[in-house]
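Letter by letter, the chains look like this.
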2 protein chains.
Amino acid sequence: MATYTANEIDSLLETSGLKRTRGRIAVLHALRKAHKPIAIEDLHTSLTEPIHFVTLYRMLKQFVDAGIVYQTDLRSGKAYYELQREHHHHITCTKCGHQEEFSICANPLLNDISKKSKDFEDITSHTFELFSVCNSCQRST
Amino acid sequence: MATYTANEIDSLLETSGLKRTRGRIAVLHALRKAHKPIAIEDLHTSLTEPIHFVTLYRMLKQFVDAGIVYQTDLRSGKAYYELQREHHHHITCTKCGHQEEFSICANPLLNDISKKSKDFEDITSHTFELFSVCNSCQRST
DNA sequence: TTTAGTGCAAAATCTTTGCAGGGTA
DNA sequence: TACCCTGCAAAGATTTTGCACTAAA
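Residues numbered from 1 in each chain as written. Chains lettered and ligands numbered in written order. Predicted model: local features only at pLDDT ≥ 70, side-chain atom pairs only at ≥ 80, totals over all residues. Heavy atoms only, no water.

## Thoughts on the sheet that holds strand β1 (residues 38-39) of chain A
Residues and elements named next belong to chain A. In space, the three strands of this open sheet follow the order β1-β3-β2, with antiparallel pairing throughout. Of all the strands in the sheet, the pair left with one neighbour each is β1 and β2 (69-73). Across two bridges, the pairing between β1 and strand β3 (residues 79-83) is antiparallel. Looking at the pairing, A39 lines up with Y80 of β3. (Pairing = 2+ DSSP bridges. Helix = DSSP H or I, 4+ residues; strand = E, 2+ residues; numbered from the N terminus.)

## Description of the interface of chain B and chain A
With 37 residues of chain B at the interface, the matching set in chain A holds 38 residues. Interface of chain B and chain A: buried area, both sides summed, is about 3400 Å²; carbon and sulfur atoms make up 57% of it. Where chain B touches chain A, the interface holds zero salt bridges. The tally of links from chain B across to chain A stands at 22 residue pairs in polar contact (both at pLDDT 80 or more). Elements with a contribution of two residues or more to the side of chain B that touches chain A: β2 (69-73), β4 (89-93), β5 (99-102), α5 (107-116) and β6 (125-132) of chain B. (Contact = heavy atoms within 4.5 Å. Buried area = accessible area lost by both parts, 1.4 Å probe. Salt bridge = Lys/Arg side-chain N within 4 Å of Asp/Glu carboxyl O. Polar contact = N/O pair within 3.5 Å; in protein donor to acceptor, adjacent residues only side chain to side chain.)

## Some thoughts on the protein's contact with DNA strand D
Taken together, 22 residues surround DNA strand D, and among them A:K61, B:T21, B:R24, B:T55 and B:R58 come closest. Sugar plus phosphate: this is where 67% of the atoms of DNA strand D within 4 Å of the protein reside. A:R58 places a polar side-chain atom, nitrogen or oxygen, 3.5 Å from a base oxygen of DNA strand D. Within the side chain of A:K61, an N or O atom sits 2.6 Å from a phosphate oxygen of DNA strand D. (Near = heavy atom within 4 Å.)

Below, the structure is given as structure tokens:
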């Protein structure tokens, strides 16, 4: 449950035209284990294979371009990554950073939007993140 | 039309408990003129008053916290800012950077989400950005 | 073998912090 | 006057680039 099957990973990579390397497989497994958007630094820590930061940056960019990985931004000054098929969103507290997950996705809106667009056909990816002050921070103000 | 009235700016700042300085007024005017999310560097270029980058960073953080300014991320490695009341979203081409604006906002979803949340009452702000490959880049592949 | 992927070193870019002086209420 | 705001210098953090070597198809 915590890992992709070898077949699933292989087909993801093959479809994208990316070679099946030890590093990429390890990264996809690590992303799968995270179960939430994770920053590059934390991803690197969680890896079982030694992979250089530079390589990690390059891999993730390719994965995002290929649509395998979802990239989002939580206003913390760095990028967060998650497997596309685990895709979900968060409310983040702007005071303490506390997060709550929610399963509602903006997908229904995407169809409307792409239908109206003249320059774009399909939306390959999106970000959707909410920010607020959590109840406990609110009380302590 | 391209500028706030002095009164409007004054009340924005007053409500937020921020002092009415020459710099802040100039920045709000510049944001108003932009009519779209703008990066700090471009904002700085467009200013009529000389304002230090450091000050600009600090101002924008305050504005975002105060709810005057909307902060978003276009996966370009830097933050974009826009007046909250001009708030709208974009589809960005991941190849050439071409943007198309759309007026549909995720607001209807926000209500649903905050109602279901146990840790958060009101959503103060959100990001919602779409990514795709534009038709013209698609053709040239 | 040929092309794509990786590691290393270095640099570029964006953003934050501490402190002293200046402006606003 | 008291506190907030700003500029300056410096540092911190994240991400990118060039090049040589290695591994996958």
